[in-house]
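# An overview of the molecular structure
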Amino acid sequence: MPFEIPEMLKEYGGMFGRGLILQMVPEIGKGVLAGIFKAEGVNLQKATKWVQDNVNLWWDVFKPEYRDGLKELAQRGGGVDWLTADWVVEAIKHDFPLVASLFLGWKKAGNWLTRQVEIVKKEVYLDNRQNQL
Amino acid sequence: MAVKDVFSPKPVNQIDPKSTKEELGEWEKKRKEAKAQREYMEEQRNIDRILQPEQPPEPQFQVRGGVNIDIDPLRDAKEARETSERVRKEKEDEVKEEKAKRERAEEERRKAEDDLKKSEMASAIKELGGQFATALKEMNTKIDAVKAGADPVSLVSQFSALEQLTKKINEIRMEGGGGVNPSIQLEITKLNIESARAEREFQVKMKQDDRNWELEKIKLQDQRYFKQQEAERQQRKDDMFASAPQVLGGAIARGIMEKQAGRVSGSVPPPTTSKTPQHHVEAPVGEAGEVECAGCSQPVAIGPTARNAVCSNCGMKYSVRRIEGQPTIEEE
């Protein structure tokens, strides 16, 4: 979903350079991911089904506005190197403790999550390359 | 013949060192010039880049500001209700008008019939009176003739003549009271038929109007339902948009607090594994479930084929034993 970086952050970014914004981007991304999970009504059963059916999060679950939002986040944040499976668990563990626990404890779910992170990184990287060209 | 001196070789190419040095100097000069020119061009390009920097790429499509939605379910419901009321009233007024017209026509027809009957009665009575007068005159003439010595008429014949006269009078009276002129009867019948036809047409129109009214009502109800659904959908979208800044703010606040606590963003330390004795969880085969963490009472998820479970809050590990029945926790 398209979003706007708050004005406060822009001011700080202007004072201290892009460093502060770059540091904030992963935190903003956590909020975005938690928002997406809330909107999709993710729970333990749904997450288990995703893992068992090997669902592709990027194409099958994320709506176009979510994909656009993540791409823009990556563009402003200078990439998605911060996007890892651990980061995802950290992002959702406050609002979705069961789902986070599932990814931590169940090996199959952990592997699935890693694969999804790689897919998202690849898609975002490809989009950035296209934009540069 | 001159003898060639083969012992002292003749130089083929005479190279004057002084001139060579000069040529070299020329090339050196040219090389320096070219280098200077190249550096100059480079500097020019840098200057141009500074004076006319490249335009940054256009930002992607963004949605800013608030959303102005002009959907008010209450107002729409009210409008729909008012429209349905207005249409209903119009229909009712039309029906009333039609009824009044019909009644007026009926009254006029009855009046015309009554007038006709009255005139007929009057003319019949007049005729009757005329006939009676004529009969009386004849009787008087006969009586006078009898008095004058004419052929005497017997009492019986007189009585029979009187009886016949009375019969005739009665007949005339009956015809005058119940009977009507055929042409007038025809007109009355025509009027009756016309009125029956008008009545039928009115009934049909009333049914048609009722049906149309029902359809209109259903249409208005559907419109109201769709508008309500639209308003609810829009409300849900607005709530999502409205909550986005809160979620964003929460994430930023969490990030700032975590930074202050000395954690690095983007890299997550794994949950600290507990050094207390391992916990075991029994879970049915092939089923997912959840249990309460023994350490922090947070819910811990167990995957359908998982052999381990980890609490996302405190990092306590559980090993999963698969059996038939409900999952429980056992401490080793």
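## Overview of the overall build of chain A
If you tally the helices and strands in chain A, you get eight helices and zero strands. Along chain A, from the amino end to the carboxyl end, the secondary structure elements read α-α-α-α-α-α-α-α. Looking at chain A as a whole, 53% of its 133 residues are labelled buried. Looking at chain A alone, contacts between residues at least 24 apart form 74% of all its contacts between residues at least 6 apart. When the accessible surface of chain A is summed, it comes to about 6300 Å², and 53% of that surface belongs to carbon and sulfur atoms.

## Some thoughts on the pattern of salt bridges
Residue and element names in this part refer to chain B. Across all of its chains, the model carries 18 salt bridges over all chains by this definition. Between R75 and E79 there is a salt bridge, with its nearest N and O atoms 4.0 Å apart. Taken together, the positions of R75 and E79, both in helix α2 (residues 73-147) and four residues apart, correspond to about one turn of that helix. Judged by relative accessible area, which is 41%, E79 ranks as partly exposed. For the salt bridge of R233 with E230, the shortest nitrogen-to-oxygen distance reads 3.4 Å. In this pair, R233 and E230 are both assigned in helix α4 (residues 182-260), three residues apart and thus about one turn of the helix distant. The class of R233 is partly exposed, set by a relative accessible area of 45%. A residue is classified by how much of its surface remains accessible, and E230, at 34% relative accessible area, is partly exposed.

## Observations regarding the packing of helix α3 (residues 44-53) of chain A against helix α7 (residues 97-105) of chain A
All names here are of chain A. Direction vectors running N to C along α3 and α7 enclose 30°, while the axes themselves pass 9 Å from each other. It follows that α3 is roughly parallel to α7 by the angle criterion. The interaxial crossing formed by α3 with α7 has right-handed handedness. Touching L44, A47, T48 and V51 of α3 are L98, V99, L102 and F103, all from α7. Across the contact of α3 with α7, the residue classes tally to seven nonpolar, one polar and no charged.

## Digging into helix α5 (residues 64-77) of chain A
Residues and elements named next belong to chain A. Its 14 residues place the ends of α5 20 Å apart at the C-alpha level, agreeing with the 20 Å of an ideal helix rising 1.5 Å per residue. Where α5 is concerned, the buried positions are Y66, R67, G69, L70, K71, E72, L73, A74 and G77. Looking one or two residues past α5, G78 carries a phi angle of roughly 75°, positive in sign.

Rules of the game
Residues numbered from 1 in each chain as written. Chains lettered and ligands numbered in written order. Predicted model: local features only at pLDDT ≥ 70, side-chain atom pairs only at ≥ 80, totals over all residues. Heavy atoms only, no water. Helix = DSSP H or I, 4+ residues; strand = E, 2+ residues; numbered from the N terminus. Buried < 20%, exposed > 50% of the residue type's maximum accessible area, 1.4 Å probe, protein only. Contact = heavy atoms within 4.5 Å. Areas by Shrake-Rupley, 256 points an atom, 1.4 Å probe, with all protein chains shown as cover. Salt bridge = Lys/Arg side-chain N within 4 Å of Asp/Glu carboxyl O. Axes fitted to C-alpha atoms, helices over the stretch in contact; angles between N-to-C directions. Parallel < 35°, antiparallel > 145°, perpendicular 65-115°, else oblique. Left-handed = near helix turned anticlockwise from the far one by under 90°. Nonpolar A, V, L, I, M, F, W, Y, C, P; charged D, E, K, R; others polar. Expected span 1.5 Å × (residues − 1).

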